[in-house]
Amino acid sequence: MSHHEIIDPAFAQFVLSNAPVKQLATGFDWVEGPVWFGDAGCLLFSDIPNDRILRWTPDVGISVYRAPSNYANGHTRDREGRLVSCEHGTRRVTRTELDGTLTVIADTFDGKRLNSPNDVVVKSDGTIWFTDPHYGIMTNYEGFASEQELPCRVYRIDPATGTMDVMVDDMKCPNGLAFSPDESRLYVADTGRMFTEDDQHIRVYDCASGGATSNGRLFHKIEPGLADGIRVDTDGNLWSSAGDGVHCIAPDGHLMGKVLVPELVSNICFGGRAKHELYITATTSLYRVTLNRSGVQRP
Ligand code: MG
């Protein structure tokens, strides 16, 4: 049985018919936040309910990178290659310095606590962009049940100055986010559909060189399921988690095809020698599929 569903014929060139959707490891509860460390030859990802960040190393397998992890969720790397993490339990974004110590990047706005930072990207200018929905404080499953103090937004923080700005405030529950290859566009997934049927979309914003976002509009409606984590390949195609696997969406917003995954996908990232491998966190397991495409990977 094919692991791919081709909708636009061009998608046939993106996938390899003899490349499996391979389960690399399983036995977790709700995995999220994959981030590739080519220099260390490993992938890090979060097992959120078990309060740990795991490391997958080829030919070695799984080991614990950090536990407890403060219920960490999404991760990325900054321009110097340092790990930047969203933490539900401490309601903050942190950076792991090269000596292993943690630096708090953001934990409040206007004197109020953040909700539960979910996913994060770093722009080429070094600014850190993250989403702050309330999923991590709704129950005790992925953090600590608590009161919401701020709306669910996308923030940008300049680590050089500490300046923090609201970049998106017209979404219900912003979740995964990604820039187009030239950073002229910001894509943000909304998982508000958990509460209303309408909000399962990915929105796109024009992003000026100075960083200002404008002209927010619908980019694509995921069906079935929800878009959670999203990534962009070097051609500008958006790869998104969805209810039946990973969907590939062209820059004009049309669905090109799917990689079918047997568990509910939370997030994805490109990795491997040529960033041609798509690592997929899906409920209890980590999967990988090799593509005939390469991801935008910063740095
Ligand atoms: Mg997420």
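Refer to the preceding data block for the structure.
An account of the accompanying structure is given in this report. (Residues numbered from 1 in each chain as written. Predicted model: local features only at pLDDT ≥ 70, side-chain atom pairs only at ≥ 80, totals over all residues. Heavy atoms only, no water.)

### A few points about the environment of Ala67
Consideration 1: Note on placement: Ala67 falls in the loop between strand E6 (61-66) and strand E7 (72-77).
Consideration 2: Remark: the alpha-carbon pair of Ala67 and His276, spanning 209 residues in sequence, is separated by 30 Å.
Consideration 3: Discounting residues that sit within four places of it in the chain, Ala67 has contacts with Asp51 and Arg52. (Helix = DSSP H or I, 4+ residues; strand = E, 2+ residues; numbered from the N terminus. Contact = heavy atoms within 4.5 Å.)

### Some words on the pairing of strand E15 (residues 154-158)
Consideration 1: Of all 5 residues in E15, 4 are buried; the element is thus mostly enclosed.
Consideration 2: Note: E15 against strand E16 (residues 163-168), 5 bridges, orientation antiparallel. If you follow Ile157 over to E16, its bridge partner there is Met164.
Consideration 3: What sits between the antiparallel neighbours E15 and E16 is a turn of 4 residues, in which Gly162 has the positive phi angle 80 degrees. (Buried < 20%, exposed > 50% of the residue type's maximum accessible area, 1.4 Å probe, protein only. Pairing = 2+ DSSP bridges.)

### Brief notes about the nonpolar core
General note: in soluble globular proteins, nonpolar side chains tend to be found buried as a group.
Consideration 1: Ranked by size, the top nonpolar core spans 20 residues in total, and within it Trp239, Val246, Val259, Val261, Leu278, Ile280 and Leu291 carry the most contacts.
Consideration 2: Listed in part, the 15 residues of the second largest apolar core include Val84, Ala106, Ile128 and Met164. (Core = buried A, V, L, I, M, F, W, Y, C linked by side-chain atoms within 4.5 Å.)

### Looking at the coordination of the magnesium ion
Consideration 1: Coordination of the magnesium ion by the protein is provided by Glu32 (OE), Asn118 (OD1), Asn175 (OD1) and Asp228 (OD), with metal-donor distances spanning 2.2 to 2.7 Å.
Consideration 2: All donors to the magnesium ion come from one chain, and their sequence spacing reads E-x85-N-x56-N-x52-D. Residue Glu32 is found in strand E3 (residues 31-37), and its partner Asn175 is found in strand E17 (residues 174-179); the two are separated by 143 residues along the sequence.
Consideration 3: Of the residues examined, Glu32 reaches a relative accessible area of 2% and is grouped as buried.
Consideration 4: Taking relative accessible area as the criterion, Asn175 reaches 3% and is therefore assigned buried. (Donors = N, O, S within 2.8 Å, 3.2 Å for Na, K, Ca; no water.)

### Describing the pattern of salt bridges
Consideration 1: Inspection of the entire model under this criterion finds 14 salt bridges.
Consideration 2: In this structure, Glu97 and Arg82 form a salt bridge, with 3.2 Å as the shortest nitrogen-oxygen distance. Taken together, the residues Glu97 in the loop between strand E9 (92-96) and strand E10 (102-106) and Arg82 in the loop between E7 and strand E8 (83-87) connect sequence positions 15 residues apart.
Consideration 3: With a relative accessible area of 17%, Glu97 lands in the buried category. (Salt bridge = Lys/Arg side-chain N within 4 Å of Asp/Glu carboxyl O.)

### Things to note about the sheet that holds E7
Consideration 1: Ordered by their spatial adjacency, 4 strands build an open sheet running E7-E8-E9-E10, and the pairing between neighbours is antiparallel. Strands with a single pairing partner mark the edges of an open sheet, and in this sheet they are E7 and E10. Looking at each pair of strands side by side, their axes are set apart by 30 degrees on average, direction ignored.
Consideration 2: Bridge count for E8 against E9 is 5 bridges, and the pairing is antiparallel. The residue of E9 that forms the bridge with Leu83 is Thr96. (Axes fitted to C-alpha atoms, helices over the stretch in contact; angles between N-to-C directions.)

### With respect to unusual backbone geometry
Consideration 1: Residue Pro68 is reached from Ala67 by a cis peptide bond, and omega for that bond is -5 degrees.
Consideration 2: Checked against the element boundaries, Pro68 lands in the loop between E6 and E7.
Consideration 3: At the junction of Glu223 and Pro224, the peptide bond is cis and its omega measures out at 0 degrees in the coordinates.
Consideration 4: Its location among the elements puts Pro224 in the loop between strand E20 (213-221) and strand E21 (230-232).
Consideration 5: In this structure, Tyr71 takes a positive phi of about 50 degrees despite not being glycine.
Consideration 6: With respect to the helices, strands and loops of the structure, Tyr71 is situated in the loop between E6 and E7.
Consideration 7: Relative accessible area serves as the criterion here: at 15%, Tyr71 is assigned to the buried category.
Consideration 8: If you check the backbone angles, Arg91 has positive phi at about 55 degrees while not being a glycine.
Consideration 9: Examined against the element boundaries, Arg91 turns out to sit in the loop between E8 and E9.

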